[in-house]
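# Inside the fold
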Amino acid sequence: MDAEKDNANPTIINPSDLPSRRREAPTKKQPRIFDSLAPAYPSLADPLSSPEASDSDSEEEAREEIDEQEVYDLISTISDPEHPLSLGSLGVVTLDDIAIKGPTSPRSRIIIGLGVKVRLLNCLPPRFRIDVRIKEGTSNTADEVNKQLGDKERVAAAMENRNLINVVNTMLATCE
Amino acid sequence: MPSITSLATFTPSCNARAWLTSPHPHLPIVATACSDKTVRIYSTQNFQQQSTISGGHKRSIRSCAWRPNSVGESVLATGSFDASAGIWRRWEDGAGKGKANAEIDFTSGLAGGDADKDDEDEDEWKFAVILDGHDSEIKSLAFSPTSPLLATCSRDKSVWIWEELDEDNFETVAVLQDHEGDVKCVAWHPGEELLASASYDDNVRLWREDVDDWACCTLLTGHGGTVWWVEFEGTEMVAKIGGGDVASEEQKALVQQREKAGSRLVSCSDDQSIRVWRKVPKENPDGTPQQRLPSIWKNSNFEEEWVEEARLPSVHERPVLAVSWSRKTGRVASTGSDGKIAVYEERWTGSAANGDVAMGDAPSSDGSAHNGSDAEKQAITEWVVLAEIDNAHDVFEVNHVVWAPRADKGKVHDEEEVLISTGDDGEVRLSIRTQRRWAKQIAHESKTNSASLLAKEVVDSMCKKRRRPYRTADQKAKDNTQSTTKGNRTVLLAQTGWR
């Protein structure tokens, strides 16, 4: 376990080079010529748009859309439990596949998985089911870790364990 | 297809995840194990909370179970993530006549009052014993219906059997450590001292007492993931197959085989399947079958053979967390992480009642339609989905479902049953299976509709109020969107959204 425990020289990515939706926002905001012709869907924040008023066709659009970028944004700022850096800047989390890979020990892997799961459980609406799995081929303990992370009873019990709560809270402290 | 309709939500509900609800063996109340370290006792007559049990556990209460055959007194066992089990007692209303129970305070009464802030009333539940022994979270516990035994199981991979020697004096009679992972569920056979356990190691084990020691007599393998729940078939329902009378020789033979085998076992798993297991009765040395009566076999050797007899139709798209096998109808209900509840029934293959037809509680009988080919014995019956509901707890996962006798004023007959489901939203809901014409009429209820509304005329008046005049199948799916208030903002949630 010790041999695998740590990568002394992880590739560090400058946080400002990491992908993020926020920097893209301004370009997306630029009004396009036909925007005014497009029908406006009721905004979630709009207190006047009651659910009753929306007919079934617009319900799909009115739902908050969540994509890989959002998941990435939610979890990339989590701190690695063994490095003073975020998962994003360590390259542990990449936008391409939202997969978790080295440089971590097996125990760390499960704690990172737990941190990711807790972060997503806390941030995403309850209609989402969160399946956190280790990317295939990156760990020989993947099945075991995946099974633990998929067990809602174990995750619930872990979140009542003071030590684990502290570790996860420390990891999530760097998130907004 | 007939539908399942949510009739009421018990109030007030827990603000955190609720794990399991256990119906009282004879009173119209249920106990709900909550992650806020309490057990809430609700009435199935008016859907209101009667009392709360709190203060005994340091972590989530994962499971609770009523002791059967406790006359005049209710005894509840609680199993917690704090690794301990608690035994709680309360005298039943109007009971205790002729009993010496000077210390018990009757003044608070059983009727319960305004449940919101009755912390003061709660001393009516007496914390009697704490059972320590497990190394980690207790996941499930169950009282034996035939002997003074309590089984508990834990993440520490063990099953413990406790014997109640006399009141509040429990002794450990067995610590069973054959499982290789968390033990998720324990369940007793309804008529024998036979215990089943389900585990994170994907297996089910059956345990009996052999001379003086409890030991594993059967290992059931096959599930491709954690087995979350096991339950035996009610003794009265053995060999009762729906959809018609026993007519053909084949059917008679199957009934005989079932009677010999006795109660079957149902299990459900992370692999999304629900399986039925049957005992293979041993033959006498001369090759003739043993006597038919299921209750009297004595095995010369200890090990038993059980086989997977059937798989229920695939309905769930996420782990199946609980199943309940009705002792009154033989129907199985299931629920799980996908938020669905489904009800299944075993029928003679080819019986006219099969398929998507409207049906009452007594299926039409036409057992003779069976075609008589010499297919395998198991193929002459099949499990069909009788009814299902998506998003039984809105967008939340449903952790548990159980059949219970109906007790509210909408009850039509004495044998009527309801489904009680327990969800991650902290809610406990009561549902009934409705016939097709009702299913079309009854709009899925919002949380604000509780209690009352059970009689047909109330249902009719509801129909006038519902938003959409008529729901076709695809409208129904879209229909499920509703608004839910969470925190300070109102969010529009599509119930079908997680897919």
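About the cut-offs
- Residues numbered from 1 in each chain as written.
- Chains lettered and ligands numbered in written order.
- Predicted model: local features only at pLDDT ≥ 70, side-chain atom pairs only at ≥ 80, totals over all residues.
- Heavy atoms only, no water.
- UniProt positions renumbered as here; feature names shortened; annotations may be inferred.
- Helix = DSSP H or I, 4+ residues; strand = E, 2+ residues; numbered from the N terminus.
- Buried < 20%, exposed > 50% of the residue type's maximum accessible area, 1.4 Å probe, protein only.
- Contact = heavy atoms within 4.5 Å.
- Areas by Shrake-Rupley, 256 points an atom, 1.4 Å probe, with all protein chains shown as cover.
- Pairing = 2+ DSSP bridges.
- Axes fitted to C-alpha atoms, helices over the stretch in contact; angles between N-to-C directions.
- pLDDT = per-residue confidence, 0-100.
- Phe/Tyr/Trp six-rings, centres within 6.5 Å; stacked < 30°, edge-to-face > 60°.
- Lys NZ or Arg CZ within 6 Å of the ring centre and 35° of its normal.
- Core = buried A, V, L, I, M, F, W, Y, C linked by side-chain atoms within 4.5 Å.
- Arc of directions from axis to C-beta.
- Polar contact = N/O pair within 3.5 Å; in protein donor to acceptor, adjacent residues only side chain to side chain.

An unreviewed UniProt entry lists chain B under the name Probable cytosolic iron-sulfur protein assembly protein 1, with Saxophila tyrrhenica given as the organism. Under Sequence similarities (unreviewed entry), UniProt gives the following word-for-word description of chain B: "Belongs to the WD repeat CIA1 family." A UniProt comment under Function (unreviewed entry) is attached to chain B, and it reads "Essential component of the cytosolic iron-sulfur (Fe/S) protein assembly machinery. Required for the maturation of extramitochondrial Fe/S proteins."

In the annotation of an unreviewed UniProt entry, the entry for chain A reads MIP18 family-like domain-containing protein, and the organism field reads Saxophila tyrrhenica.

Let's shift gears to the overall build of chain A. Of regular secondary structure, chain A possesses 8 helices and 0 strands. Its helices and strands in sequence order give chain A the pattern α-α-α-α-α-α-α-α, from N to C terminus. A total of 176 residues make up chain A; the buried ones form 41% of that total. Long-range pairs, those at least 24 residues apart, make up 66% of the contacts in chain A between residues at least 6 apart in sequence. Of the accessible surface of chain A, which amounts to about 10300 Å², a share of 52% is contributed by carbon and sulfur atoms.

Okay, the sheet that holds strand β20 (residues 274-280) of chain B next. Residues and elements named next belong to chain B. Spatially, β18-β19-β20-β21 is the arrangement adopted by the 4 strands of the open sheet, whose pairing is antiparallel. The sheet is open, and its two borders are formed by β18 (227-232) and β21 (305-311), each paired with just one other strand. For this sheet the average axis-to-axis angle between neighbouring strands, irrespective of direction, equals 30°. Across 5 bridges, the pairing between β18 and strand β19 (residues 265-269) is antiparallel. Each bridged residue has a counterpart across the sheet, and for E231 the counterpart in β19 is V266.

This part takes up the confidence of the model for chain A. Residues and elements named next belong to chain A. Scored by pLDDT, chain A comes out at a mean of 67, with 47% of its residues at no less than 70. Here residues 23-31 scores under 50 on pLDDT; set against residues more than four positions off or in separate chains, the count is 4 contacts. Per-residue pLDDT stays below 50 along residues 38-61; that stretch engages in 19 contacts with residues further than four places along the chain or on separate chains.

Residues and elements named next belong to chain B. The sheet built from 4 strands is open, its strands ordered β6-β7-β8-β9 with antiparallel pairing. Bordering the open sheet on either side are β6 (61-66) and β9 (126-131), each of which pairs with just one other strand. This sheet shows a mean twist of 25° between the axes of neighbouring strands, independent of strand direction. Of the pairings in the sheet, the one linking β6 to strand β7 (residues 73-80) comprises 5 bridges and is antiparallel in character. Looking at β7, one finds that A65 is bridged to A77.

Let us now look at the packing of aromatic side chains. Counted under the stated rule, the structure contains 9 aromatic pairs over all chains. Centroid distance F10 of chain B to Y42 of chain B: 5.2 Å. Interplanar angle 45°. Geometry classified as tilted. Here Y42 of chain B lies in strand β4 (residues 39-43) and F10 of chain B lies in the loop between β1 (3-9) and β2 (18-23), a separation of 32 residues in the sequence. On the accessibility criterion, F10 of chain B (1% relative accessible area) is buried. Between W88 of chain B and F127 of chain B the ring centres are 4.4 Å apart and the planes differ by 25°, which places this aromatic pair in the stacked class. Taken as a pair, W88 of chain B in strand β8 (residues 85-91) and F127 of chain B in strand β9 lie far apart in primary sequence, 39 residues in all. On the accessibility criterion, W88 of chain B (3% relative accessible area) is buried. By relative accessible area, which is 34% here, F127 of chain B ends up partly exposed. Positioned over the ring face of Y200 of chain B is K147 of chain A, at 4.7 Å from the centre of the ring.

Here we take up the nonpolar core. Residues V230, L265 and Y344 of chain B are the most contacted members of the largest nonpolar core, which totals 52 residues. With 24 residues, the next largest nonpolar core counts L124, V132, A142 and M171 of chain A among its residues.

The next thing to look at is helix α8 (residues 162-172) of chain A. Residue and element names in this part refer to chain A. Turning to α8, its buried residues number three or more, namely I165, V168, M171 and L172. Buried residues along α8 cover an arc of 125° about the axis, so they all sit on one side. For α8, exposure combined with an orientation more than 90 degrees from the buried face picks out R162, N163 and T170. Measuring from the backbone nitrogen of N163 back to the side-chain oxygen at the start of α8 gives 3.0 Å, which picks out N161 as the cap.

All names here are of chain B. By the criterion of burial, strand β5 (residues 49-53) is predominantly enclosed, with 5 of the 5 residues buried. Note: β4 against β5, 4 bridges, orientation antiparallel. By the bridge assignment for β5, V39 is matched with I53.

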